[in-house]
Amino acid sequence: MPNTTNQPDTFSYLVLSEIAGRLDGKLNTECHRALPCNDMPLLAWCTPDERVEIVVEGAVDMMFSHGGGERGVVRMKPGDVLRVAAHGWNLPYADEANTLSICCRGEKLGLSYNHWQDGRCISLAKWAMSLTSLNALLLGLTSEVRGLGDVKLDVLLRTISRKLSAHASNVSKQKQLFHQILTYMRCHFHESICRESVAEHFCISSSYLSHLFQQHSEVGFNEYINRERFAHARHLLIEKGLRVKQVALESGFVDADYFCRLFKRLAGMTPTQYRQQYINQQQSFTQEFSN
């Protein structure tokens, strides 16, 4: 699977409720289909369960199993849907996009909302619900749901949004705001954002923003944004082969020297040493595999 950063959050349903509601009535009626296939490329997404991949924002270049050993390739835009059969595979790539994944596994329905940046998948929110509770909500709207093919996606998303909205009503406005701020920062860390610009975006003071981090986070604003940028820098160093200064800029750091000092503090080595360590590990693995 692609390089993914998971950041589970207790209030993921706040984001997913808004996304499910936003997609209601916005999905394209025709969808692409990934069929079961044993021959899949390295890093492809494949599970023994059926899935649905939906583009929410941006564009995603999607490769998927097309049947008969063939591979389909399509550029998916907002509202486009890929239905992936059990044991089917897909391999997405996006410079910048947001996607929603829905997976039916056993007696659970799982949702995952992801942000893509330079080919890196950043998990923004995850949530799961039992099919029993889902069927209770769908009572009278459709027949019993045992898989994703048993219900129309717009009906499913409308029901999910209603279910998650009920959870959100029990969360304080302050916590909801803080979660929206974190989601915004995870999607825009590579831009020239700072405490003042984020506060202005949410129409609050910078001191109140600092207060929110003190109340609801283990680290402050600056440390949080630096960790997001550091995680992306590691991805760029390994996957893109960029110069260190360019890695710093594309990760959101305006000062390359500061980036190098921060990287060494968090990784215990310089960016150049980190990349060389990865190359050495890959070469060692290749030699062991060839022997």
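Worth saying up front: this structure is predicted, and the values here are computed from it rather than measured.

Draft legend 1. Broad picture of empty space enclosed by the protein. One pass over the full model with this rule turns up one cavity of 30 Å³ or more. For the largest cavity, the calculated volume is near 60 Å³. Lining the largest cavity, in full, are W45, E53, V55, V60, M62, N90, P92, T99, S101, N114 and W116. If you list the elements that add at least two residues to the lining of the largest cavity, you get β4 (51-58), β5 (60-67), β8 (89-93), β9 (96-105) and β10 (108-117). For the lining of the largest cavity, the per-class residue count stands at six nonpolar, four polar and one charged.

Draft legend 2. Examining the pattern of salt bridges more closely. Tallied over the entire structure, the rule returns nine salt bridges. As a salt-bridge pair, R51 and E53 come within 2.8 Å of each other at their nearest N and O atoms. In this structure, R51 and E53 share a single accessibility class: buried. The partner of D154 in a salt bridge is R158, and the shortest N-O contact between them spans 4.0 Å.

Draft legend 3. Seen up close, the pairing of β10. Counted residue by residue, β10 has eight buried out of ten residues, so it is predominantly covered. Sheet analysis places β9 next to β10, joined by ten bridges and oriented antiparallel. Following the sheet pairing, R105 is matched in β10 by K108. Once β9 ends, the chain turns through two residues before running back antiparallel as β10, passing G106 with a positive phi of about 60°. One ladder, built from ten bridges, connects β10 with strand β11 (residues 120-130); its direction is antiparallel. Directly across from N114, in β11, lies its bridge partner S123. Here β10 folds back onto β11, and the loop between the two strands holds two residues, one of which, D118, carries a positive phi near 55°.

Draft legend 4. Representation of the packing of helix α4 (residues 173-188) against helix α7 (residues 221-239) in the model. Viewed as axis vectors pointing N to C, α4 and α7 meet at an angle of 40°, and their least axial separation amounts to 9 Å. By the angle between their directions, the pair α4 and α7 is classed as oblique. Two packed elements cross with a definite hand, and for α4 against α7 that hand is right-handed. Residues L182, M185 and R186 of α4 pack against F221, Y224, I225 and E228 of α7. Along the lines of polarity and charge, the residues of the contact of α4 with α7 split into five nonpolar, no polar and two charged.

Conventions used here
Residues numbered from 1 in each chain as written. Predicted model: local features only at pLDDT ≥ 70, side-chain atom pairs only at ≥ 80, totals over all residues. Heavy atoms only, no water. 1 Å grid on protein atoms, 1.4 Å probe; cavity = no way out; pocket = protein on both sides within 12 Å on 5 of 7 lines; lining within 4 Å. Points joined across faces, edges and corners; volume = space filled by probe spheres on them. Helix = DSSP H or I, 4+ residues; strand = E, 2+ residues; numbered from the N terminus. Nonpolar A, V, L, I, M, F, W, Y, C, P; charged D, E, K, R; others polar. Salt bridge = Lys/Arg side-chain N within 4 Å of Asp/Glu carboxyl O. Buried < 20%, exposed > 50% of the residue type's maximum accessible area, 1.4 Å probe, protein only. Pairing = 2+ DSSP bridges. Axes fitted to C-alpha atoms, helices over the stretch in contact; angles between N-to-C directions. Parallel < 35°, antiparallel > 145°, perpendicular 65-115°, else oblique. Left-handed = near helix turned anticlockwise from the far one by under 90°. Contact = heavy atoms within 4.5 Å.

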